[in-house]
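These are the residues of each chain, in order.
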Amino acid sequence: MRKYIVKRLLWSILILFFVSFLIYLLMRSLPSSYVETVARERAAANPQVSYKQWLERLNELYGLNVNPLQGFFIWLSQALRGHFGDSWYYGVPVTQKFGSVIWYSFALGAAALIFQVALAIPLGIQSARKQYSTLDYATTVFALIGISLPGFFFITILKMVFAVNLGWFDLNGIVGRMHDTYSPFRQFLDICQHMVLPTLNLVIIGTGSLLRYTRTNMLEVLNSDYIRTARAEGLSERRVINHHAFRNTLIPLVTIIGGTLPGLFSGALITETLFKIPGIGYTSYEAMLAGDIPFTMFYLTFMAILTLLGTLISDVLYAVVDPRVRVS
Amino acid sequence: MKQDKKVKEEVSMAEDLNRPVTPSAETPESSSRRLDDEQRVKVVSPSMLVFRRFIRNRLAVTGLIFFIVMLLFSYLGGIFSPYSETQRFYKTTEMSEEFAGVTQSSTYRFITAQGQAFPTASQAKAQLAIKNGETTFTADNDTFTLDKISSEGYTISQMASVAKAETLGGSITVSSANSNELPEGLEEAFTQAVQDESESFTLGDTTYQVERDRKTYYAKTSLYIGVATMKLIDFDSADSQNSTDFTIAALQAEDTAMANGQTVTFQAEGQTYTLEYNQADDAALIYQAGQTSAYAIVSNYIVNSVQSDVHIGIDLRQQIVEAVQSGEDQLVYDNNEYDISRQNNRWTLTLQQDKTVFDAYAFPSRAHWLGTDGYGMDILTRLMYGGRVSIQISFMVVLISLILGITLGGLSGYFGGWVDFVIMRLVDIFYCLPTWPIMIIIGAVMDEMKVDSATRMNFLMLLLGVLGWSGVARMVRGQILGLRDQEFMIATEATGLTVGRRIFKHLVPNVIPQLIVMATMSMGDTILTESTLSFLGLGVKYPFASWGNIINAVSTQYVMTNYVFVWLPAGLCILITVLGFNFIGDGLRDAFDPKMKR
């Protein structure tokens, strides 16, 4: 088991190396608009130094004057020591900015995941138990609508209904106007209130696939021989479902939910941006539009790590949860 | 899941056994057939079987209807729509615009002769002197003389030295007293005058006075500075320049005309003019000889155009003066309506004008069933063309990722070994590349580089396709790994088929059911991706329509709350189409894989 994990980890590191190299190449081949803008501004403010000279200085400062291969290894050696440089757009060290915004994303993601699981698993199991019933059709339609809903459209509807017409929530932002005057507990509630609509959006849009997955797995389990045996033994339907079927359904569910855990840190790019939640998604969206290479490099690498971690966790969990896999 | 054809046939036989067997008329011995006789069973082709199962699924049929409706809407709609994709509509709105300001002249204005200066401070002094009825005034150590030329006109002149002569032991040197050049013959005349010690001399029409200051003599003359007048002379064309000579002549002519009530002819600068005084509006028109249209107007009113580039012609000017004088509050001229409003001594003319503007955010009407968007384009038509763009893009993207995925996945699964290893690591790498951020970055860069919309769209397709093939490759490889050791593959090897044929003719067709399901589902996904990018302004751009960029309008809160008809239909179009794809995909999966049924 340990050998397997170590081997997978080593492979992941190699893949990460290539992925970050590709990302670095992409970033370097883009016209570095940010540097040019800054150079132009500074040349305008200080006419003694020409635009070209500023550009050269900045390129040197940001390590853009060496060839991409060299540049990548310089970046890598810095990154391995945890130095991701200063964000051009935000003007603070990348890791500092990351540290200050990541918990908003995590809170949003965690809240959404909890509701998704709480909604998807019972509904999925029920609809598998009563296949082709009204409930089954209803959940299927609900799940597929959730999957098919364009996030930005649903967010607009939510804003329209709950923020504009009913006035229950603010249109966007993470805190209200009076936030600073509140007591710490009120401040916390204020933030929670601003999280409601984004969470609702993520739950509606994200529940569908988990629900469908639960249903499919439950159907597979219910069709299997050991369930028929359990029924043949005369066990009560409750015991068959809750004890025998449910536990077996949990195997793939645990692996897939485990695999999404790293994703809690990746932030919901569209949702955060449209609700202006200052999480990692919104922060990096702004950075990407501004051509902030250090921040974007960090964010993309971070995303790649999360993806690799996700697959690794779900594979390992699969082996942990299912004894049959462990044997082979 | 092994989707071998044989398996399906067995299933179809099993299903059809349930039906009551009707003995056919042509075969009389049919009753004697054994139960497992092949003739008894109506063999249905596998695809027919899938089709039947699909048709029985209500959701799948709904999805198919959604899809067909949207397809017809997008492709036929564009043909039937009376408007084109980028046709913009206009509307006329009445806009009132300040056109001119009119004030009655209450101070004198000064027209200076060529080459002369008359600074503001001196103008104020002159103003005061005229008001007090004085004939001379001093400003800036210079003495000026005022001569009345007409009822409200004066000429201003100044005694100034023109030349000075210095006598040094009998010889006389004449030089200019100011920076101007000396008039011709002055030097001789002045020298003569100094020698004669006369007090004045005449040269041409001008009389010079000689003043002595010790050894220096100054030749002084009355220098003509300019004209001060209460009346205003405005010319028909913006290029005409006022000159002092013309002003004097015109003012004197007007006086005569005012007194006699007749037309007066006068000469100025070698031209003959006729002046016509109109008592009703207390203004006079000046005609150039031989011309029928007025050359200039003399009036008591200052008419200033508000826009710097508009010159008000004589006709309109006369009309305005007339209207203002008779206290009217409206003026119609050249089909334009002007409203006149008065504020103390100032009249303001506002022009009521019909302006053509884009018919933006028009509410749904008979002409535009769903209204118009921010650019003044018909939303229904944009939705139709947007549907084409969205469906085409997602089709191309899925096609690209299928081609890449099937080829690489097929090779990987068939060969195994190091080929498999390399390709699978490539898949891992592509799987790790974060699609969203990359699309956003490249979109932003294309914005920066001002890539044109068509290139942009092609690039978008290519990129999404290339970023999306890893899932297909994984699936194809997984399926092929299980199939390649089966008997039918050994048979292909024995018949000596080429590797390419073996992979793409015999292995890949077995994966087609899963591929179809996958392709349908990812068509929906791609529409979502594309529309989200277009919504963010990083995907399909104007002039091309896309459901996403139609909803883009909600980025301003005002549009979101007040013009729901702009974004709601586009969102519903996306939802229905994607839902259609997902319903179809779901139904197909069930139809291909009957194990899921109980």
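Residues numbered from 1 in each chain as written. Chains lettered and ligands numbered in written order. Predicted model: local features only at pLDDT ≥ 70, side-chain atom pairs only at ≥ 80, totals over all residues. Heavy atoms only, no water.

1. Observations concerning the side chain of Thr381 of chain B
- On the secondary structure map, Thr381 of chain B appears in helix H8 (residues 379-415).
- Beyond its immediate chain neighbours, meaning those up to four positions away, Thr381 of chain B contacts Ser81, Tyr83 and Ser84 of chain B. (Helix = DSSP H or I, 4+ residues; strand = E, 2+ residues; numbered from the N terminus. Contact = heavy atoms within 4.5 Å.)

2. Remarks on the sheet that holds strand S13 (residues 283-288) of chain B
All names here are of chain B.
- With antiparallel pairing, 5 strands are arranged side by side in an open sheet as S10-S14-S13-S12-S11. The open sheet is flanked by strand S10 (232-235) and strand S11 (264-268), the only strands paired with a single partner. Taken pair by pair, the neighbouring strands of this sheet meet at an average axis angle of 25°, ignoring direction.
- The pairing of S13 with strand S14 (residues 294-299) spans 4 bridges and is classified as antiparallel. Within S14, the position partnered with Tyr287 by the bridge is Ala294.
- Against the sheet, helix H6 (residues 244-260) contacts S10, S11, strand S12 (271-278), S13 and S14, and its axis sits at roughly 165° relative to S11.
- Sheet strands in contact with helix H7 (residues 314-325) are S10, S12, S13 and S14, and its direction is about 25° off that of S14. (Pairing = 2+ DSSP bridges. Axes fitted to C-alpha atoms, helices over the stretch in contact; angles between N-to-C directions.)

3. Let's talk about the domain arrangement of chain A
- Split by domain assignment, chain A resolves into domain 1 (31-83) and domain 2 (94-325).
- Computed from C-alpha coordinates alone, the two centres of domain 1 of chain A and domain 2 of chain A are separated by 40 Å. (Domains from an automatic or database assignment.)

4. Comments concerning the interface of chain A and chain B
- Contacts between the two partners involve 52 residues from chain A and, on the opposite side, 48 residues from chain B.
- Roughly 4400 Å² of surface becomes buried between chain A and chain B when both sides are summed, with 79% attributable to carbon and sulfur atoms.
- On the chain A side of the interface with chain B, the three residues burying the most area are Ser148, Phe152 and Phe153 of chain A, jointly 14% of the side's total.
- There are 1 salt bridge connecting chain A and chain B.
- Of the charged contacts in the structure, one is a salt bridge between Arg212 of chain A and Asp586 of chain B, with a shortest N-O distance of 2.3 Å.
- The interface formed by chain A and chain B includes 2 residue pairs in polar contact (both at pLDDT 80 or more).
- Those elements that provide at least two residues to the side of chain A that touches chain B are helix H1 (2-29), helix H5 (94-129), helix H6 (134-148), helix H7 (151-165), helix H8 (184-222), helix H11 (269-275), helix H12 (280-290) and helix H13 (293-321) of chain A.
- Of the residues that constitute the side of chain A that touches chain B, the class distribution is 38 nonpolar, 10 polar and 4 charged. (Buried area = accessible area lost by both parts, 1.4 Å probe. Salt bridge = Lys/Arg side-chain N within 4 Å of Asp/Glu carboxyl O. Polar contact = N/O pair within 3.5 Å; in protein donor to acceptor, adjacent residues only side chain to side chain. Nonpolar A, V, L, I, M, F, W, Y, C, P; charged D, E, K, R; others polar.)

5. Some details on the packing of H5 of chain A against H8 of chain A
- Where H5 of chain A contacts H8 of chain A, the two axes come as close as 6 Å, and the packing angle between them is 35°. Where H5 of chain A crosses over H8 of chain A, the handedness of that crossing is right-handed. (Left-handed = near helix turned anticlockwise from the far one by under 90°.)

6. Let's talk about the sheet that holds strand S16 (residues 330-333) of chain B
All names here are of chain B.
- Taken in spatial order, the 5 strands make up an open sheet running S15-S1-S18-S17-S16, and their pairing is antiparallel. Looking along the sheet, the strands with just one partner apiece sit at the ends: strand S15 (301-305) and S16. Taking the axes of each pair of neighbouring strands and ignoring which way they run, one obtains an average angle of 30° across the sheet.
- Looking at chain direction, strand S1 (residues 90-104) and S15 are connected through 5 bridges and run antiparallel. Counted as the bridge partner of Gln104 is Tyr301 from S15.
- H7 rests against S1, S15, S16, strand S17 (336-343) and strand S18 (346-358) of the sheet, and its axis sits at about 160° to S16.

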